[in-house]
Amino acid sequence: KQEVTQIPAALSVPEGENLVLNCSFTDSAIYNLQWFRQDPGKGLTSLLLIQSSQREQTSGRLNASLDKSSGRSTLYIAASQPGDSATYLCAVRLKSGGSNYKLTFGKGTLLTVNP
Amino acid sequence: GAGVSQSPSNKVTEKGKDVELRCDPISGHTALYWYRQSLGQGLEFLIYFQGNSAPDKSGLPSDRFSAERTGGSVSTLTIQRTQQEDSAVYLCASSLRGVSPPPYNEQFFGPGTRLTVL
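Notes on the structure in this doc start here. (Residues numbered from 1 in each chain as written. Chains lettered and ligands numbered in written order. Predicted model: local features only at pLDDT ≥ 70, side-chain atom pairs only at ≥ 80, totals over all residues. Heavy atoms only, no water.)

Helix and strand counts for chain A stand at zero helices and 11 strands. In chain A, the order of α-helices and β-strands from amino to carboxyl end is β-β-β-β-β-β-β-β-β-β-β. The globule rule puts the C-alpha radius of gyration for 115 residues at 13 Å, and the 14 Å found for chain A is close to it. Projected onto the principal axes, the alpha-carbon positions of chain A cover approximately 45 × 30 × 20 Å. When burial is assessed residue by residue, chain A has 43% of its 115 residues classed as buried. Taking the contacts inside chain A whose residues are at least 6 apart along the sequence as the reference set, 55% of them involve residues at least 24 apart. In the structure as shown, chain A presents an accessible area of about 5300 Å², 49% of it carried by carbon and sulfur atoms. (Helix = DSSP H or I, 4+ residues; strand = E, 2+ residues; numbered from the N terminus. Rg over C-alpha atoms; globule rule 2.2 N^0.38 Å. Buried < 20%, exposed > 50% of the residue type's maximum accessible area, 1.4 Å probe, protein only. Contact = heavy atoms within 4.5 Å. Areas by Shrake-Rupley, 256 points an atom, 1.4 Å probe, with all protein chains shown as cover.)

For interface size, the figure often reported is the accessible area lost on association. Each partner contributes residues to the interface: chain A has 23 residues there, and chain B has 23 residues. Taking both partners together, chain A and chain B bury about 1700 Å²; carbon and sulfur atoms supply 56% of that area. The largest contributions to the chain A side of the interface with chain B come from Tyr101(A), Phe105(A) and Lys107(A), which together make up 33% of the buried area. Between chain A and chain B we count one salt bridge in total. In this structure, the salt-bridge partner of Asp56(B) is Lys102(A), at a minimum N-O distance of 3.4 Å. (Buried area = accessible area lost by both parts, 1.4 Å probe. Salt bridge = Lys/Arg side-chain N within 4 Å of Asp/Glu carboxyl O.)

Residue Pro8(A) is bonded to the preceding Ile7(A) through a cis peptide linkage, with omega at 0°. Tracing the chain through its elements places Pro8(A) in the loop between strand E1 (4–7) and strand E2 (10–14). Cis rather than trans, the peptide bond between Ser7(B) and Pro8(B) has omega equal to -10°. Positionally, Pro8(B) belongs in the loop between strand E1 (5–7) and strand E2 (10–13). A positive phi angle is found at Ala79(A), which is not glycine, with a value near 45°. Even without a glycine there, the phi angle at Arg81(B) is positive, about 50°. By secondary structure assignment, the location of Arg81(B) is in the loop between strand E8 (75–79) and strand E9 (88–95).

So, on to the sheet that holds strand E8 (residues 72–77) of chain A. All names here are of chain A. Strand order in the open sheet formed by five strands is E1-E3-E8-E7-E6, and the pairing between neighbours is antiparallel. Every other strand in the sheet has two partners, leaving E1 and strand E6 (56–59) as the edge strands with one partner each. When strand polarity is set aside, the average angle formed by the axes of neighbouring strands in this sheet is 15°. Examined bridge by bridge, E1 and strand E3 (residues 19–25) share four bridges and lie antiparallel to one another. The residue bridging isoleucine 7 from the neighbouring strand is asparagine 22, located in E3. (Pairing = 2+ DSSP bridges. Axes fitted to C-alpha atoms, helices over the stretch in contact; angles between N-to-C directions.)

Among covalent bonds in proteins, the disulfide is the one between the sulfur atoms of two cysteines. For the coordinates displayed, the defined rule picks out two disulfides over all chains. Cys23(A) shares a disulfide with Cys90(A); S-S distance 1.9 Å. The sign of the -60° torsion about the S-S bond sets the Cys23(A)-Cys90(A) disulfide as left-handed. With Cys23(A) in strand E3 and Cys90(A) in strand E9 (residues 86–94), this residue pair connects regions lying 67 residues apart in the sequence. A relative accessible area of 2% places Cys23(A) in the buried class. Each sulfur of the disulfide joining Cys23(B) and Cys92(B) lies 1.8 Å from the other. Taking the torsion about the sulfur-sulfur bond, which here is approximately -65°, the covalent link between Cys23(B) and Cys92(B) counts as left-handed. Placement of the pair is Cys23(B) in strand E3 (residues 19–24) and Cys92(B) in strand E9, with a sequence separation of 69 residues. For Cys23(B), a relative accessible area of 0% translates into the label buried. What makes Cys92(B) buried here is its relative accessible area of 0%. (Disulfide = S-S within 2.5 Å.)

Set out below in structure tokens:
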């Protein structure tokens, strides 16, 4: 059974700091890994999606890396801003035959960026 | 374009009552999913629809939970005889297709319904 773990559970940083969020998964047979942002009352917003054949993806101040063999991904946020405060979720999609529609999520990292 | 919408956004109910949660997927998306996020827990998969059929109901926690989808569009998640442990945020997602390679099964999420059972 795929398990996804995110560390730390919560993180508080001053504005302007660079930071790294970690995600690990137990089954490396994945199609892709996705990072989401969750704001209260606004559902999930997809930030970055890394295919299993890729090493990293970048979007603006965000960079996500994937090491499939070791079952790890990191989300790097550069020059953090108060607007980055949210819960960040990592999810993997398994390659397991007919159930590759299913996303398995970690519990998230609650990020607070203090002005 | 319109995204996935869910209603109500918040629902407070008394223990033992039945509740219905609604999801309107993105137009043209054939696959629809329900997830549950309980306090301190990650999102748990509940059920997957392809069209009006539900080939995977494995995540429904008990027989008090049921879901249907009509016209290949709107879905309703029903919880009968609600219990306090049912309190959670219920999220719906849709994708162009279900069992397909990416990007066709990339899921887009709605804002969720926060259910509180007193």
